[in-house]
Amino acid sequence: MEKNHPELLHWAMTHGIIMGVNVQNSPFVVTHAPITTYPFRFPETQFSKAIKLSKAFNTLVDNVSLDSQWLHETLQLTAENDHFTGMLVQIHKIIQIERITQPIRLGINRSDYMQHEVLNDPRSLLQVEINTIASSFAGLSTKISELFSSNSYNRDANIKIPENNALQNISKGISLAHNLFLSTTLSTSAIILMVVQGCERNFADQRLLQFEIQEQHNLKVIRATLAEIHLKSILEPGTNHLLYDGQLVSVVYFRAGYTPNDYTHPESSSDPSYLLTHSPEWAARLLVERASAVKCPNVAYQLAGTKKVQQALAAPGMLERFLPDDSDTASELRSVFAGLYSLDAAAGTDKSNSEQENELRALIERVVSHPEQFVMKPQREGGGNNFYGEEMVAQLRSLEKTQLAAFILMERIQPPPQLAECLRDGVAVQRSCLCELGIFGVFVAHNSSGVHWNEYGGYLLRVKPAESDEGGVAAGYAVLSCPALV
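All of these numbers come straight from a predicted model, not from anything done at the bench.

About the thresholds
- Residues numbered from 1 in each chain as written.
- Predicted model: local features only at pLDDT ≥ 70, side-chain atom pairs only at ≥ 80, totals over all residues.
- Heavy atoms only, no water.
- Pairing = 2+ DSSP bridges.
- Helix = DSSP H or I, 4+ residues; strand = E, 2+ residues; numbered from the N terminus.
- Axes fitted to C-alpha atoms, helices over the stretch in contact; angles between N-to-C directions.
- Contact = heavy atoms within 4.5 Å.
- Buried < 20%, exposed > 50% of the residue type's maximum accessible area, 1.4 Å probe, protein only.
- Polar contact = N/O pair within 3.5 Å; in protein donor to acceptor, adjacent residues only side chain to side chain.
- Parallel < 35°, antiparallel > 145°, perpendicular 65-115°, else oblique.
- Nonpolar A, V, L, I, M, F, W, Y, C, P; charged D, E, K, R; others polar.

S.K.: Please clarify how the sheet that holds strand S13 (residues 340-342) should be interpreted in this entry.
M.R.: The pairing of strands in a sheet happens through backbone hydrogen bonds and is either parallel or antiparallel. If you trace the three strands from one edge of the open sheet to the other, you get S13-S15-S14, paired in antiparallel fashion. On the outer flanks of this sheet lie S13 and strand S14 (374-378), each paired with one strand and no other. Between one strand axis and the next, the sheet turns through 30 degrees on average, direction left out of account. Contacting S13, S14 and strand S15 (407-411), helix H15 (residues 355-369) crosses the sheet at an angle of about 130 degrees to S13. The strands touched by helix H16 (residues 389-398) within the sheet are S14 and S15, with S14 carrying the most contacts at an inclination of about 60 degrees.

S.K.: When you look at the environment of Ser136 in this model, what are you seeing that I'm missing?
M.R.: Residue position: Ser136 is located in the loop between strand S6 (125-131) and helix H5 (138-149). You can call Ser136 buried: its relative accessible area is 15%. Placed 330 residues apart in sequence, Ser136 and Ala466 show a C-alpha to C-alpha distance of 23 Å. For Ser136, the residues in contact, after removing those within four places along its chain, are Arg110, Asn202, Asp205, Arg255, Phe440 and Leu460.

S.K.: So what exactly am I meant to see when it comes to the environment of Ile144 here?
M.R.: You can see Ile144 is positioned in helix H5. With residues near it in sequence (within four places) discarded, Ile144 still touches Ile17, Ile35, Leu480, Ser481 and Cys482.

S.K.: Sorry if this is basic, but what is going on with the side chain of Arg255 here?
M.R.: Its place among the elements puts Arg255 in the loop between strand S11 (247-254) and helix H9 (272-278). Polar contacts involving the side chain of Arg255 include one to the side chain of Asp205, which spans 2.7 Å. Here the side chain of Arg255 touches Tyr253 through a polar contact of 3.3 Å, side chain to side chain. Excluding its chain neighbours within four sequence positions, the residues that come into contact with Arg255 are Ala134, Ser136, Phe137, Met194, Val195, Asn202, Asp205 and Gln206.

S.K.: Any chance you could explain the pairing of strand S1 (residues 18-22) here in plain terms?
M.R.: It is a general feature of regular strands that their side chains alternate between the two faces of the sheet. By the bridge criterion, four bridges tie S1 to strand S2 (residues 26-32) in an arrangement that is antiparallel. By the bridge assignment, Ile18 is partnered in S2 with His32. Following S1, the chain reverses through three residues before pairing antiparallel with S2.

S.K.: In this structure, what is going on with the packing of H5 against helix H6 (residues 166-185)? I would like to understand it.
M.R.: To characterise two packed helices, one gives the angle between the axes of the helices and the distance between these axes. Packing of H5 against H6 brings their axes to within 7 Å, and their N-to-C directions diverge by 145 degrees. Each of Ala138, Gly139, Ser141 and Thr142 in H5 lies in contact with H6, whose residues at this interface are Ala166, Leu167, Gln168 and Ile170.

S.K.: Teacher, can you tell me more about unusual backbone geometry here?
M.R.: What is expected of a backbone is that most residues other than glycine have negative phi and most peptide bonds are trans. With omega at 5 degrees, the peptide bond leading from Cys296 into Pro297 counts as cis. Mapped onto the elements, Pro297 comes out in the loop between strand S12 (294-296) and helix H11 (299-304). At Ala134, a position not held by glycine, the phi torsion is positive, near 55 degrees. With respect to the helices and strands, the residue Ala134 is situated in the loop between S6 and H5. At Asp425, a residue that is not glycine, the phi angle is positive and equals roughly 55 degrees. Among the structural elements, Asp425 can be located in the loop between strand S16 (418-424) and strand S17 (427-446).

S.K.: Is there a simple way to think about the packing of helix H2 (residues 44-65) against helix H14 (residues 327-334) in this case?
M.R.: Two elements in contact, H2 and H14, have axes separated by 10 Å at closest approach and are oriented at 105 degrees. As the angle between them shows, H2 and H14 are arranged roughly perpendicular. Residues Lys52, Leu53, Ala56, Phe57 and Leu60 of H2 form the contact with H14, whose own contacting residues are Thr329, Glu332 and Leu333. In terms of residue class, the contact of H2 with H14 is built from five nonpolar, one polar and two charged.

This is a description of form; function is not addressed.
Below, the structure written as C-alpha cells:
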C-alpha cells in the first residue's frame with residue numbers, strides 16, 4: 001500500500017472524475033473513479049493503427065445493420081438459445097414486418113483492443129470486441145487525458161499524451177443527428193432522450209456528455225429509464241413521432257438496455273409476445289424502435305454488435321461481403337481479428353453429416369487441453385460475463401449442444417504486463433497490470449443523403465491486474481488510465 005495521492009485525487013474529483021458509492025440509498029455520495037496514478041505505456045504504432053481502423057469499423061457496423069436477412073440467419077440459433085438476443089431479434093422482425101424504416105442512423109461505437117505478444121506470432125494488436133450500445137467513459141476518459149496533460153500533474157516532459165476529444169466528438173455526433181431529424185421532419189425543436197439505468201454509479205460520465213450537448217450545442221437532454229419511457233411516452237398518430245412527457249424526441253441515446261437486468265419479466269414469463277406488451281421495459285424498447293426518432297443504437301445496430309456477429313464476420317469472405325469495394329480495408333480489419341470460433345456447428349446439424357460435429361468435438365477437445373488459450377463469451381455487455389479456465393471447461397462439458405449456440409469461443413489475447421499504481425477508494429496499490437484500449441467511432445448517415453460524418457471519436461484506456469480475467473471498470477475489475485505513447 002502506498003500514499004493516497006491527495007492532489008491527484010482532488011484534481012480528479014473537482015473535474016468530475018467521480019462515481020457514485022451507494023446510489024440507491026445515498027445518491028449524492030461520491031468517490032473518485034478508479035484511476036492509475038500515472039499514464040500507462042502503449043506503443044504509438046499500435047495506437048495509430050487502431051485509430052486508422054475506426055472509420056472502417058464504423059462503416060462495417062452500418063453495412064451489417066442494413067442486411068436484415070443476414071442478421072436473422074446468422075443469429076437464428078443464438079436467438080433460439082439466448083433469450084435476450086431472441087427478444088432483440090423479435091423486435092427487429094416486427095419492425096421489418098411493419099415496414100418501419102430508420103432513415104437516420106447514428107452509431108457511437110467503441111472498438112476495444114489489447115496488445116498481443118507471443119513468440120513467433122507477428123500479430124501485435126488484436127480486437128477484443130466492438131461495442132455498439134452504451135459505449136461508455138467518453139466523458140471520464142476525456143477528463144483523465146486532461147489530468148495527465150495538465151500543469152498540476154508533475155509529469156515527465158518527454159511523456160507523450162495523445163489528444164482526446166471523445167466528449168466533444170460524441171456530443172457533436174448526437175447534435176448532427178438531432179439537426180438531421182429536425183430538417184427531415186420539418187420540426188423546429190425537440191429534445192434528446194438519454195436512456196439510463198435507475199441506480200447508475202457511472203452518472204458523472206453520462207452527465208458530462210449531457211452538459212457538453214446542452215452547453216456547446218444548446219440542446220435539451222432529458223434522462224429517463226425504460227420504465228419511465230413506458231409511462232410517459234406515446235407515438236403521435238400519423239407521424240410516429242415519439243413524444244416524451246408531451247415533448248418531441250429527436251434522438252434516443254441508450255446508456256441502458258444492453259443487459260437482461262434492465263428488463264423485467266412479469267410472472268417470470270419468457271414468451272416474447274407477452275413480454276413486449278406486459279414488461280414495461282420491453283414495451284418501451286419496442287415503442288422507441290417504432291418511433292421516427294433517431295436511435296443510438298437502433299436494434300439492428302445492437303444486433304450487429306453481438307459476439308456471434310463478431311465471430312461470423314471473421315469467416316472467410318464475410319468482410320469482403322460488407323466492404324465489397326475495398327479489399328485492402330477488409331484485410332486491414334482482418335489483421336486485428338483474434339481467433340473466433342462458432343459453438344453452434346452441431347446445433348441443428350443432422351448427425352448423418354458428421355463433418356461439422358467432428359469439427360466442434362475437436363475444437364472442444366482442444367479447449368479442454370489448453371483452456372488458458374481461450375475464453376468463452378455469451379451475448380452480453382458490461383463485464384463479468386465470460387468464462388475462463390476450468391469454469392469454461394465445465395460449461396463446455398455440461399451444456400447441451402443447442403445451449404452452446406448462445407456462446408462463442410475466442411482466442412485468448414496475450415498482452416505484455418507492466419507495473420502500474422492503481423487508485424481505488426483512496427487507496428493506491430502497485431501491481432503488475434495489463435491494459436485495454438478503446439477507440440470511439442462516430443457515424444451519422446441518412447438514407448437519402450448518404451454519410452454525413454464518419455470519424456474517429458477519441459479513446460479510452462482501462463488497466464486491470466494481470467491476474468484478472470475480466471476488465472470492466474463499473475463492474476469493479478479495472479481502473480481508468482491514459483496512454484503514454486512510446
